[in-house]
Amino acid sequence: MAHLIRHKLTNKLTNAAHTVSNKSQAKVSGVFARLGFQAATDEEGLGFAECDDLDYDYRQGMQMDVLQGEEEGGHMEGEGELEGDSHYQRDGTGRGPSSLKTGGSLDEDKPKITSWEAGWNVTNAIQGMFVLGLPYAILHGGYLGLFLIIFAAVVCCYTGKILIACLYEENEDGMKVRVRDSYVDIANACCAPRFPTLGGHVVNVAQIIELVMTCILYVVVSGNLMYNSFPGFPVSQKAWSVVATVALLPCAFLKNLKAVSKFSLLCTLAHFVINILVIAYCLSRAREWAWEKVKFYIDVKKFPISIGIIVFSYTSQIFLPSLEGNMQKPSEFHCMMDWTHIAACVLKGLFALVAYLTWADATKEVITDNLPSTIRAVVNIFLVAKALLSYPLPFFAAVEVLEKSLFQDGGRALFPDCYGPTGQLKSWGLGLRIGLVVFTLLMAVFVPHFALLMGLTGSLTGAGLCFLLPSLFHLKLQWRNLLWHHVFFDVAIFVIGGICAISGFIHSIEGLIEAFRYNIHD
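Residues numbered from 1 in each chain as written. Predicted model: local features only at pLDDT ≥ 70, side-chain atom pairs only at ≥ 80, totals over all residues. Heavy atoms only, no water.

1. Quick word on the overall build of the protein
Assigned secondary structure in the protein consists of 17 helices and four strands. For the protein, buried positions account for 47% of its 522 residues. Of the roughly 26,800 Å² that the protein leaves accessible, carbon and sulfur atoms contribute 64%. (Helix = DSSP H or I, 4+ residues; strand = E, 2+ residues; numbered from the N terminus. Buried < 20%, exposed > 50% of the residue type's maximum accessible area, 1.4 Å probe, protein only. Areas by Shrake-Rupley, 256 points an atom, 1.4 Å probe, with all protein chains shown as cover.)

2. With respect to a nonpolar patch on the surface
Together, V205, I209, L460, I502, F505 and I506 make up a nonpolar patch on the protein surface, roughly 500 Å² of accessible area in all. Elements with a minimum of two residues in the nonpolar patch: α7 (198-229) and α17 (484-521). For the nonpolar patch, the element with the highest residue contribution is α17, accounting for three residues. When you line up the elements, I506 lands in helix α17. (Patch = residues over 30% accessible without salt bridge, like charges linked within 9 Å, V, L, I, M, F, W, Y side chains within 5 Å. Salt bridge = Lys/Arg side-chain N within 4 Å of Asp/Glu carboxyl O.)

3. Considerations on the packing of helix α3 (residues 115-126) against helix α12 (residues 333-359)
Axis separation between α3 and α12 bottoms out at 9 Å; the angle between their running directions is 35°. Like other packed secondary-structure pairs, α3 and α12 cross with a definite hand, here right-handed. The residues of α12 that touch α3, namely those facing S115, W116, A118, G119, V122, T123 and I126, are M336, W339, T340, H341, A344 and K348. Here the contact of α3 with α12 is built from residues that sort into seven nonpolar, five polar and one charged. (Axes fitted to C-alpha atoms, helices over the stretch in contact; angles between N-to-C directions. Left-handed = near helix turned anticlockwise from the far one by under 90°. Contact = heavy atoms within 4.5 Å. Nonpolar A, V, L, I, M, F, W, Y, C, P; charged D, E, K, R; others polar.)

4. Quick word on the nonpolar core
Y314 and Y391 are the most contacted members of the largest nonpolar core, which has 115 residues in total. It is α7 that contributes the most residues to this core, 15 residues altogether. Setting aside anything within four residues of it in sequence, one finds Y314 in contact with I126, I149, A152, A153, C156, H341, A344, C345 and K348. (Core = buried A, V, L, I, M, F, W, Y, C linked by side-chain atoms within 4.5 Å.)

5. Remarks on the pattern of salt bridges
The full count for this structure, using the stated rule, is six salt bridges. One salt bridge connects E324 with R178, and the closest N-O pair in it is separated by 3.0 Å. Of this pair, E324 sits in helix α11 (residues 320-325) while R178 sits in strand β4 (residues 176-178), and the two are 146 residues apart along the sequence. Since its relative accessible area comes to 2%, E324 is described here as buried.

Printed below as a string of structure tokens:
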């Protein structure tokens, strides 16, 4: 009797394994080809591309139920774990803890994040210290500036959602499956087949510009805050920027951001406390608020710069595809985007309005410079610490993009690999990093204007990555599935974003040229 039961169980397991094997054959061949074990034919590669995403849910769910359900109560000796795919290592000596993920690569299982953790990441990106420039935007925009804070929140929330929609395609059963992993993948898909890598290059260039400009802004704001905290010291803002850059030189030797990230988290929490302190001080002077100063007129010359400032304060699209791919429940992404941007809109609008009402026409580019000297130094020192500890994050990201493009892009790289066989950084790789730190210093010294640089970055890369490209990509990739109102929204956002980007860019460049000439003569 026991022999008969064992025989039936073996037959069931064999049939199930054959069924799974037929569905996974093209995929396994494609995986081996990508790992370098063998060359895959075009047919195998096509089978892998079609089968991988469509079959992932089936493998992780149904197959595990079938194999483990029929195996319940027993143990298959000598077979190890059945996870739907065999585990392979390059040396072929054993099995590792990796499993096949969407996209056909063998990666280690990484813990997924909850929607609350994802929301914290988005909040950290759009509620950073650059909100300190929003009251200055109200100075030149009045009530229209407040409207733009709300409008930018709505548009950035919408474009974030449609950007994620571009990661998915419908399969034969009408189910949405993830076929792309990043902003670059979306851009390349839009430019294929004629220019299959052009879109990725455009996105990478925009990303590098935004990251480097963010680093420059951190140096500028550090020099500005220190100069206004200690006005009695015979040290200029440029000199304070040099001091800040000297403190940032060790960033050139960074190998990872593990230690920095811990301090950055504490500084982010401190920054929220500082925002609350600023609002509390403004509320304490509520009787002196100058409501008559908030008008509907705009400063035609400076308001386009304010648009860039507001847009830049909402930029988060560049990392949303990765964030959504690491969520435990991607279906909660839309809800997460809603509450994070609603919260950002309320807090930014409240912060900008009460700060402007408190200081009116005396509002400065960095609002903490308006605080009384008794508390300004303490608040600004905390903000400088926040800026210096936040600098390594965009710096390291920019370095990785540059190194991958210039030194590590296989045989297509312009320069030799900047890392040695044992992983040590070579001289030209270190030179690139030091040169990038020095470049951020030079920009901060010659153009030490926080609002102008922030407006330029928001108009150039912020509007492009948050307004123009998501709406364009959505129209290109999802055209057949769009309703008429979605088409209208995408076209309207593209046109409005283009107008704002061009006007803000022109006025920011004019301001930067004027500031550059002034600093040269000075």
